[in-house]
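Architecture at a glance
Listed here are the chains, written in short residue letters.
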Amino acid sequence: MARKYILFQNGGIGDFLMALFLAEQLKKYGGAEKIYIIVHRVGKFLRGFIEGYPYISLIEVSGKHPLSFVQIFKLIGRDNVIILPPTIGKFQLRLKFLARVLALPPGGFLVGFQDSGILCSALYSKVLPYNINQLFIETMHDILRVLKIESAEKTPRLIIKPSQGILERVGLRDKRYIFLHPRGSSERRCLNELDTAYLINFILSLYPERRVVISGAEHEREKIDSMVKNSKKPERVVKFIGGSPQELSALIEKAELFIGVDTGITHMACFLGKRALVIAQNATPHWLPYYNKEAKILYRFKEDEKSESSEEYIMSHQKGRLRPLKDIPIKIVCDELGKMLGKE
């Protein structure tokens, strides 16, 4: 059985967290001694996720820095298993060739997915179809089955040590609060500034003993500032921008509820098993975090007026469509929030 696995990654935080789930299965059930995750950007933030995974190393490669590829060639050896993740578009041809080179020595094996590019069948040892009619975590199990690794785990977790003292630093020690993450990588999935302010005002007016923590990336600071200014009681809103995974995990874990759009930080909350309200407007159905049984997921198909939440409904109505969902009126979100929290 292979002892060294090399995972290529080309996505964001959600993709990276799923790579950690796959790596954990390879470690527990596949006998992996060392796992390398190759990414096009690392940064301090992504490195913060792997502190609880001592058997994982991150390697950053970039076309802008050709010398970065040298460290990959050091991985060439016997019995490498290389995994290229699924993508809606296509992997760069040079990465496909690079993966093939890593799998050339005896015992090497390259698993990849059919994409819109060329040479998948010629370069991969095994080509898998990317089935968007199933949840993404099932696609991770498709990889495990090809490698003849048996795992029944369907609830991913995040091994992370929460930051100590962050609640005191932001003034939330012994305070009740709701954690809100209204922004995502795609503008279509984000809550706009007015809807976010409406949601904050709803929480503050209905629950006078609670505060709201609103989080975002550094480049979203101006929008977050505007959202808070548009709230009726900004003194009860805590802005948390650009924090580390350890700080975020501490704040999320202590919150009464996490509210977020379909984005990486929402997957982080769901990996932590947090009770969550997921606003899946314009989301991709197969990526929704139904693996977290504590999550209520709101979505609305383009042909429907009514919002839904069940996994069964979305899987039966998706019918191979990548983006079949539309916006969700903020009043529907507030109604669901009221049901989840009850009256003060």
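First things first, this report covers the structure right here in the doc.

With that settled, consider helix 13 (residues 330-341). Here helix 13 spans 16 Å end to end across 12 residues, near enough to the 16 Å set by a 1.5 Å rise per residue. The set of residues buried in helix 13 consists of Ile 330, Val 333, Cys 334, Glu 336, Leu 337, Gly 338, Met 340 and Leu 341. Among the structural elements, strand 7 (176-181), helix 8 (193-206), strand 8 (210-216), strand 10 (257-261), strand 11 (276-279) and strand 12 (295-298) are those in contact with the buried residues of helix 13.

For Ala 276, the position within the fold is in strand 11. Sequence separation of Ala 276 and Ile 330 is 54 residues, and the distance between their C-alpha atoms is 16 Å. In this view, Ala 276 contacts Leu 257, Phe 258, Glu 294, Ala 295, Lys 296 and Met 340; residues no more than four positions away in its chain are not counted.

Let us look at helix 9 (residues 221-229). Since one α-helical turn is 3.6 residues long, residues separated by three or four positions face the same way. Of the positions making up helix 9, those classed as buried are Ile 224, Met 227 and Val 228. Looking straight down helix 9, one finds its buried side chains confined to an arc of 95°; they lie on one side. The exposed residues of helix 9 that point more than 90 degrees off its buried face are Glu 222 and Lys 229.

Here we come to the packing of helix 10 (residues 245-254) against helix 11 (residues 264-271). Remark: helix 10 packs on helix 11, axes separated minimally by 10 Å, with the N-to-C direction vectors making an angle of 60°. Taken together, the axes of helix 10 and helix 11 lie oblique to each other. Considering only the axes of helix 10 and helix 11, their crossing is right-handed. When helix 10 is examined against helix 11, the residues Pro 245, Leu 248, Ser 249 and Ile 252 are found in contact with a partner set consisting of Ile 265, Met 268 and Ala 269. In the contact of helix 10 with helix 11, the residues fall into six nonpolar, one polar and no charged.

Quick look at the packing of aromatic side chains now. Inspection of every chain in the model, using the stated rule, returns 10 aromatic pairs. Between Phe 45 and Phe 49, the aromatic rings sit 5.3 Å apart at their centres with planes inclined by 85°, giving edge-to-face as the arrangement. Residue class for Phe 45 comes out partly exposed when judged on its relative accessible area of 26%. Its relative accessible area of 0% is what places Phe 49 among the buried residues. For the pair Phe 271 and Tyr 291, a centre-to-centre distance of 5.5 Å together with 80° between the ring planes defines the contact as edge-to-face. With a gap of 20 residues between them, Phe 271 in helix 11 and Tyr 291 in the loop between strand 11 and strand 12 connect regions that are remote in the sequence.

Cut-offs used in this document
- Residues numbered from 1 in each chain as written.
- Predicted model: local features only at pLDDT ≥ 70, side-chain atom pairs only at ≥ 80, totals over all residues.
- Heavy atoms only, no water.
- Helix = DSSP H or I, 4+ residues; strand = E, 2+ residues; numbered from the N terminus.
- Expected span 1.5 Å × (residues − 1).
- Buried < 20%, exposed > 50% of the residue type's maximum accessible area, 1.4 Å probe, protein only.
- Contact = heavy atoms within 4.5 Å.
- Arc of directions from axis to C-beta.
- Axes fitted to C-alpha atoms, helices over the stretch in contact; angles between N-to-C directions.
- Parallel < 35°, antiparallel > 145°, perpendicular 65-115°, else oblique.
- Left-handed = near helix turned anticlockwise from the far one by under 90°.
- Nonpolar A, V, L, I, M, F, W, Y, C, P; charged D, E, K, R; others polar.
- Phe/Tyr/Trp six-rings, centres within 6.5 Å; stacked < 30°, edge-to-face > 60°.

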